[in-house]
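As a plain string of letters, each chain reads:
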Amino acid sequence: MANLAKLTIKNFHDGLVAKTFSAREITQAYFEHIKEREPEVGAYLSLAKESALRDAEAVDAAIAKNETVGALAGVPLAIKDAILIKGLPATSASKILEHYVASYDAGVIEKLKVQKAVFLGKTNMDEFAMGSSTENSAYKLTHNPHDLDRVPGGSSGGSAAAVAADMALGSLGSDTFSSVRLPASFCGVVGLKPTYGAVSRSGLIAMTSSLDQIGPLTKTVEDNAILFKAIAGKDPLDATSCEANYEHIDDATPGDIKGFTIGLPDEYFIGGLDNDVARETDAAIEKLKKLGVKFKKISLPHTKYAVPAYYLSMPAEVSSNLARFDGIRYGADPNEERAKNLMDVYFKTRGKKFGAEAKRRIILGTFVLSSGYYDAYYNKAQRVRTLVKNDFDEAFKDVDVILTPVSPTPAFKIGEKIADPLAMYLSDVFTGPANLAGVCAISIPTKPSSSLAPKELPIGFQLIGKKWHEADIFNLGRHYENN
């Protein structure tokens with residue numbers, strides 16, 4: 001039996017086709033490990049053991065017939081609970097969707113089913129993806145597998161924790177301002193936010209439609225490229241999705257990186273950066289220099305406005321997207337006393353079942369869209385968003401990729417920031433601009449420098465690439481990982 005801690009998507013596939021083990025054996029091993037670790041980590045909201053074992057057996061049957069199977073056949077994956085899988089719960093970690101079961105597959109799930117991937121279950125998250133710590137879930141806390149007293153990051157904290165705790169071989173999350181990359185950094189795994197439009201949002205329960213992107217979380221950069229290639233591409237059910245050429249993105253041998261120029265933005269290397277984060281980011285830079293990569297100082301001057309622009313733009317879309325959860329189509333409880341009027345319906349559902357963060361963002365979004373305030377707030381935020389995008393466009397005229405920290409700090413303690421929303425929001429200061437600009441970005445775990453004690457918390461660094469240039473950041477990441 002394979003060691004789950006050492007298993008990657010790549011060597012799982014190699015072992016599967018060599019018949020070293022079966023897909024069912026590995027899937028069963030994951031469920032046994034989940035049973036052991038889930039009580040202390042809390043990564044999953046629901047499991048799909050019956051269907052997962054059935055799908056694994058179908059892969060084994062195909063291999064027994066000597067049929068060719070793809071790189072993701074039989075791979076046990078965890079899926080964020082905002083992504084629909086037909087017949088499985090999809091709560092988005094909210095009480096208002098407590099009884100909802102998906103009636104169709106998300107676009108990414110359709111693609112993975114064609115690849116014969118196996119779905120272990122749905123992972124915990126911040127309610128409707130609203131948060132940076134997974135403390136806003138209506139159901140449970142998720143703990144960082146490296147230190148159970150700390151958060152795993154958010155909003156895709158359950159997806160990152162499942163991979164970090166060897167409770168899934170890979171996972172899918174969604175990233176609106178940091179929600180794949182921050183938990184990847186906090187949990188010591190690889191997390192990608194693709195170019196906006198590279199991956200279908202069909203079947204993703206929307207928070208901020210103009211920013212949300214589904215992205216993979218994996219143990220290695222190579223695995224991330226494999227999973228990304230499988231879910232990327234045009235979807236007729238998502239008008240914002242596009243077709244791009246990712247044919248060679250998961251090639252066995254990464255391309256040459258000599259001649260690459262990486263930009264270091266002054267605004268991201270500022271006072272207040274945690275000492276460990278600064279040290280490990282510097283060590284990653286030095287390693288890439290030794291691999292022949294050139295570095296250049298650049299400026300992204302509107303970075304400081306990214307967080308306030310987001311927290312005006314995002315609630316406006318939240319207010320609109322969450323209006324559908326009205327207690328009639330969603331959120332109704334058959335055991336609840338019948339409502340007397342429409343206002344009573346809202347109080348019994350929206351008032352009772354939305355969490356504090358969801359209510360905060362709905363109210364703020366309704367305010368910024370209201371008559372007399374649209375131009376003062378929302379419209380101005382959209383103009384700032386354009387300035388942030390223009391900063392990246394200018395920077396990418398001189399550099400191929402941009403390198404930054406992922407977060408100002410490693411994972412913080414559970415409860416440390418939950419009472420201070422502004423402090424929580426600043427966790428996203430380095431990740432959010434990439435979403436506003438629509439470019440791709442990846443979080444990669446640093447290799448601890450010699451001064452870092454083995455038990456220290458994981459730290460990630462971020463590579464930001466041009467639109468549709470995921471190949472560049474994968475390429476650099478794989479060279480860093482392999483050396």
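Up top is the structure.
Residues numbered from 1 in each chain as written. Predicted model: local features only at pLDDT ≥ 70, side-chain atom pairs only at ≥ 80, totals over all residues. Heavy atoms only, no water.

**Describing helix α4 (residues 107–114)**
Buried residues of α4: Gly107, Val108, Ile109 and Leu112, and no others. Looking one or two residues beyond α4, the residue adopting positive phi is Lys116, at roughly 65°. (Buried < 20%, exposed > 50% of the residue type's maximum accessible area, 1.4 Å probe, protein only. Helix = DSSP H or I, 4+ residues; strand = E, 2+ residues; numbered from the N terminus.)

**Examining the sheet that holds strand β8 (residues 294–298)**
What the 11 strands build is an open sheet, ordered β1-β3-β2-β4-β6-β5-β10-β11-β9-β7-β8; its pairing is mixed. Every other strand in the sheet has two partners, leaving β1 (44–47) and β8 as the edge strands with one partner each. Taken pair by pair, the neighbouring strands of this sheet meet at an average axis angle of 25°, ignoring direction. For strand β5 (residues 190–193) and strand β6 (residues 213–218), the ladder comprises two bridges, and the chain directions are antiparallel. Note on β6: the bridge partner recorded for Gly191 is Leu217. Sheet strands touched by helix α8 (residues 275–290): β7 (261–265), β8, β9 (401–405) and β11 (460–465). Its angle to β9, the strand with the most contacts, is close to 150°. (Pairing = 2+ DSSP bridges. Axes fitted to C-alpha atoms, helices over the stretch in contact; angles between N-to-C directions. Contact = heavy atoms within 4.5 Å.)

**Brief notes about unusual backbone geometry**
Between Gly154 and Ser155 the backbone carries a cis peptide bond, its omega angle lying at 5°. Within the secondary structure layout, Ser155 lies in the loop between β3 (118–123) and α5 (157–164). Located in the positive-phi region is Phe128, a residue other than glycine, with phi close to 50°. Position of Phe128 relative to the elements: it lies in the loop between β3 and α5. Phe128 sits in the buried class, given a relative accessible area of 2%. The backbone of Thr134 shows a phi angle near 65°, a positive value even though the residue is not glycine. Tracing the sequence through the fold places Thr134 in the loop between β3 and α5. Residue classification places Thr134 among the buried residues on the basis of a relative accessible area of 0%.

**Remarks on the side chain of Thr220**
Assignment of secondary structure puts Thr220 in the loop between β6 and α7 (221–231). Contact partners of Thr220, with chain neighbours within four places excluded, come to Thr8, Val190 and Glu481.

**A word on the pairing of strand β4 (residues 170–175)**
Judged by how many residues are buried, β4 sits mostly within the fold: six of six residues are covered. The pairing of β4 with β6 spans six bridges and is classified as antiparallel. Bridge pairing in β6 links Ser174 to Ile214.

**With respect to the pattern of salt bridges**
Evaluation of the coordinates by the stated rule reveals 20 salt bridges. Of the charged contacts in the structure, one is a salt bridge between Glu280 and Arg279, with a shortest N-O distance of 2.8 Å. For Glu280, a relative accessible area of 0% corresponds to the buried category. The partly exposed category is assigned to Arg279, whose relative accessible area is 29%. Here the salt bridges do not stand alone but share partners, grouping Asp276, Arg279 and Glu280 into one network. (Salt bridge = Lys/Arg side-chain N within 4 Å of Asp/Glu carboxyl O.)

**Here's the deal with the environment of Asn11**
On the secondary structure map, Asn11 appears in helix α1 (residues 9–17). Given the relative accessible area of 32%, Asn11 is considered partly exposed. It is 38 Å that separates the C-alpha atoms of Asn11 and Leu97, two residues lying 86 residues apart in sequence. If we skip the residues at most four places from it in the chain, Asn11 touches Lys6 and Phe21. In terms of polar contacts, Asn11 uses its side chain to reach the backbone carbonyl oxygen of Lys6, at 3.3 Å. (Polar contact = N/O pair within 3.5 Å; in protein donor to acceptor, adjacent residues only side chain to side chain.)

**What to know about the pairing of β5**
Of the two faces of β5, the one carrying Val190 and Leu192 and the one carrying Gly191 and Lys193 are both buried. Here β5 runs beside strand β10 (residues 440–445); their pairing, made up of three bridges, is antiparallel. Each residue of the ladder has a partner; that of Gly191, found in β10, is Ser443.

**Re the packing of aromatic side chains**
What the rule picks out here adds up to 17 aromatic pairs. Judged by centre distance (4.9 Å) and plane angle (75°), the ring pair of Phe461 and Tyr480 falls under edge-to-face. With a gap of 19 residues between them, Phe461 in strand β11 and Tyr480 in helix α15 (residues 470–482) connect regions that are remote in the sequence. Taking relative accessible area as the criterion, Phe461 reaches 0% and is therefore assigned buried. Clustering of aromatic rings is evident, with ring pairs tying together Phe177, Tyr310, Tyr311 and Tyr425. The side chain of Lys289 reaches across the aromatic face of Phe295, ending 5.8 Å from its centre. The aromatic ring of Tyr480 is capped on one face by Lys447, whose charged end is 5.6 Å from the ring centroid. (Phe/Tyr/Trp six-rings, centres within 6.5 Å; stacked < 30°, edge-to-face > 60°. Lys NZ or Arg CZ within 6 Å of the ring centre and 35° of its normal.)

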